Amino acid sequence: MKIVALAGGVGGAKLAHGLAQILSPEDLTVIVNTGDDFEHLGLTICPDLDTVCYTLAGLANSETGWGRVNETWNTISNIEKLGGPNWFRLGDQDFGTHIERTRRLKEGQSLSQITKDFCKAWGIKQTVLPMTDSPVRTIVDTDEGELAFQEYFVHRHCEPRVKGFRFDGVEVAEPASGAREAIESADAIVICPSNPWVSIDPILRVLSLTPAPLSHEERRKPIIAISPIIGGKTVKGPAAKMYAELGIEPSALAVAEHYRDLLTGFVLDIKDEQLSDKFRGKILATDTLMNSSADRARLAVDVLHFIGSL
Ligand code: FO1
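Cut-offs and rules
- Residues numbered from 1 in each chain as written.
- Predicted model: local features only at pLDDT ≥ 70, side-chain atom pairs only at ≥ 80, totals over all residues.
- Heavy atoms only, no water.
- Core = buried A, V, L, I, M, F, W, Y, C linked by side-chain atoms within 4.5 Å.
- Buried < 20%, exposed > 50% of the residue type's maximum accessible area, 1.4 Å probe, protein only.
- Helix = DSSP H or I, 4+ residues; strand = E, 2+ residues; numbered from the N terminus.
- Contact = heavy atoms within 4.5 Å.
- Phe/Tyr/Trp six-rings, centres within 6.5 Å; stacked < 30°, edge-to-face > 60°.
- Lys NZ or Arg CZ within 6 Å of the ring centre and 35° of its normal.
- 1 Å grid on protein atoms, 1.4 Å probe; cavity = no way out; pocket = protein on both sides within 12 Å on 5 of 7 lines; lining within 4 Å.
- Points joined across faces, edges and corners; volume = space filled by probe spheres on them.
- Nonpolar A, V, L, I, M, F, W, Y, C, P; charged D, E, K, R; others polar.
- Near = heavy atom within 4 Å.
- Polar contact = N/O pair within 3.5 Å; in protein donor to acceptor, adjacent residues only side chain to side chain.
- Sits in = over half its atoms within 2 Å of the grid points.

## Regarding the nonpolar core
Nonpolar side chains tend toward joint burial in soluble globular proteins.
Here comes step 1: By size, the foremost hydrophobic cluster in this structure holds 48 residues, and its most contacted members are Leu-6, Ile-31, Ile-191 and Phe-266.
Here comes step 2: Counting residues per element, this core draws most heavily on helix α8 (residues 196-206), which supplies six residues.
Here comes step 3: Non-local contacts of Ile-191, meaning those with residues more than four positions away in its chain, are made with Leu-6, Ile-200, Leu-204, Ile-223, Ile-224, Ala-225, Ile-226, Tyr-259, Leu-262 and Leu-263.
Here comes step 4: The next biggest cluster of nonpolar side chains, apart from the first, holds 39 residues, and it includes Leu-28, Ala-60, Leu-111 and Ile-114.

## Describing the packing of aromatic side chains
Here comes step 1: Tallied over the full model, the rule gives nine aromatic pairs.
Here comes step 2: Site record: aromatic cluster; members linked through ring pairs are Phe-38, Trp-87 and Phe-88.
Here comes step 3: If you follow Arg-68 out to its NZ or CZ, it ends over the ring of Tyr-54, 5.0 Å from the centre.

## A short note on the layout of surface pockets
The probe, sized like a water molecule, is rolled over the atoms to show the empty space still left.
Here comes step 1: What the largest pocket holds in volume is close to 780 Å³.
Here comes step 2: Taken together, 40 residues form the lining of the largest pocket, with Gly-9, Val-10, Trp-66, Phe-153 and Lys-236 sitting closest to its centre.
Here comes step 3: Among the secondary structure elements, those contributing two or more residues to the lining of the largest pocket are α1 (10-22), α2 (47-57), α4 (92-107), α6 (149-155) and α8.
Here comes step 4: Examining the composition of the lining of the largest pocket, we find that five residues originate from one element, α2, more than from any other.
Here comes step 5: Considering only residue class, the lining of the largest pocket consists of 20 nonpolar, 13 polar and seven charged.
Here comes step 6: Here the second largest pocket defines a volume of roughly 240 Å³.
Here comes step 7: Taken together, 18 residues form the lining of the second largest pocket, with Lys-14, Asn-61, Ser-62, Gly-65 and Arg-296 sitting closest to its centre.
Here comes step 8: Counting only elements with at least two residues in the lining of the second largest pocket, the list comes to α1 and α2.
Here comes step 9: Looking at the lining of the second largest pocket, the element that brings in the most residues is α1, giving four residues.

## Some words on the site of the ligand
Here comes step 1: In the vicinity of the ligand there are 14 residues, among which Asp-36, Asp-48, Phe-88, Arg-89 and Gln-150 approach most closely.
Here comes step 2: A distance of 2.8 Å separates an oxygen atom of the ligand from a polar backbone atom of Arg-89.
Here comes step 3: Gln-150 has a polar side-chain atom sitting 2.8 Å from an oxygen atom of the ligand.
Here comes step 4: At a threshold of 2 Å from the grid points, most atoms of the ligand map onto the largest pocket.
Here comes step 5: With four residues, the top contributor of residues to the shell around the ligand is α6.
Here comes step 6: Partitioning the shell around the ligand into residue classes produces eight nonpolar, two polar and four charged.

This is the structure:
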């Protein structure tokens, strides 16, 4: 079964890793959000792409979910000592990724080509694509004004109240080379348990999958989403807080409503099973927590069986 997974950072990376354990490498394409990307310390940082790649390569820091395992912090400590910004924690090995990516971007290489080369170097056999090769930057509208995404997320610890989002550059951004073809040849599209507002919406916008799928072909193939919200709380990150601040009660149901007409089926946690009959489409209630590598594979198996049943 050929699957395209749409993923943001940690939650998306975990399910992508689960799917990678079950599917043949040629059957999995992961299209990753780049709205979180930003320019920092003279470098182009692509947090979600790196999180997905490090996770698939077995190089991720399992405690944070982002960054590298066995990391050292000499460079950022030195920057800090010299009075530079230290709020975005970049490890020494991670710095190497950003330096080499920035060098190649400045040479004129595309982000998708660079990602392909990095995946090869890290031994990743699945296809990982940035959603687009052009810059799209998520801007969070808050009660303190507009903030660039990482400024809101990391520097301000998601404290300002959210009023809305916009994705700078999305109108002119084309899907990365291979993304549309991957969707066309996929048997199903899986929306990973990532933040609907800031991780998945930018991808849907770039791929023109929202407000409704473009072509008849896309309509016919199953599109399923897995809720990142369990029992009204987000497993990781600010999705539940964002729903509440936007006046929507955070729940798996709110996530299903978010994707509305797009979905053929929806996966929620067993703890939210009582919400199942409130959803119009097909539902799978299962254990969606991914604490271990085995959990990721188990959820991937459940998701693939669910797709097979649609
Ligand atoms: N998240 C944090 O909360 N604090 C950090 O200092 C931080 C550094 C960081 C460095 C590299 C990287 O690839 C990701 C990093 N993240 C950090 C995570 C990242 O900002 C967010 O998880 C995503 O953008 C949201 O999906």
